[in-house]
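Here's the letter readout for the chains.
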Amino acid sequence: MITTIYHNPKCSKCRTTLSILEEKGVDFEIIKYLETPPSFNELKTLMTELNLDARSLMRTFEAPYKDNNLDDESLSEEMLIKAMIEHPILIERPIVRTDKGVAIGRPPENILAII
C-alpha cells in the first residue's frame, strides 16, 4: 500500500507533515482534497480508521460550519459527512494513511507512529 496524504498546500501543518514524509524517505501520493474531495465511503472509512465521528473530524471554526448551522446537534452523521464533501475545507488536515494505520498530522509528529 502506498502512503497517502490528504493535503492542503496552504496549511503549515500539511507542509510540515509532507516534509516529515520526505525526510523519512516515504513513497507517498498527495491528494489535494480541496480539489478532489473524498467520496462519502472514503470519508466514512477514514473516520472508522481514525475512530472518530463526523463532528470530531470537522474544522468547526471554518466559515461553512457556521454558515450552514452545522453545530446543530440534531444533524445526523450522514448529513455532516455530506457537508464535509460539499465543503472539504471542513475536513481536519492533514490525514496520512499508511499500511500501519491512519493519523491526523496535528501535530505533524503524530504520523511518526504509522510510518
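What counts and what doesn't
- Residues numbered from 1 in each chain as written.
- Predicted model: local features only at pLDDT ≥ 70, side-chain atom pairs only at ≥ 80, totals over all residues.
- Heavy atoms only, no water.
- Buried < 20%, exposed > 50% of the residue type's maximum accessible area, 1.4 Å probe, protein only.
- Helix = DSSP H or I, 4+ residues; strand = E, 2+ residues; numbered from the N terminus.
- Pairing = 2+ DSSP bridges.
- Salt bridge = Lys/Arg side-chain N within 4 Å of Asp/Glu carboxyl O.

Draft legend 1. Expanded view of the pairing of strand E3 (residues 95-98). Of the two faces of E3, the one lined by Ile-95 and Arg-97 and the one lined by Val-96 and Thr-98 are each fully buried. Sheet analysis places strand E1 (residues 3-7) next to E3, joined by three bridges and oriented antiparallel. Pairing of Thr-4 across the sheet is with Arg-97, part of E3. Sheet topology note: the E3/strand E4 (residues 101-104) ladder contains four bridges and is antiparallel. Bridge pairing links Val-96 to Ala-103 in E4. What sits between E3 and E4 in their antiparallel hairpin is a turn of two residues.

Draft legend 2. Representation of the pattern of salt bridges. The full count for this structure, using the stated rule, is five salt bridges. Notably, a salt bridge pairs Arg-59 with Glu-62, separated by 3.1 Å at the nearest N-O pair. Taken as a pair, Arg-59 and Glu-62 share a single burial class, namely buried. One salt bridge in this structure joins Glu-78 and Lys-82, with 3.0 Å as the shortest N-O distance. Of this pair, Glu-78 and Lys-82 both sit in helix H4 (residues 77-86), four residues apart, roughly one helical turn. Assessed through its relative accessible area of 43%, Glu-78 is described here as partly exposed.

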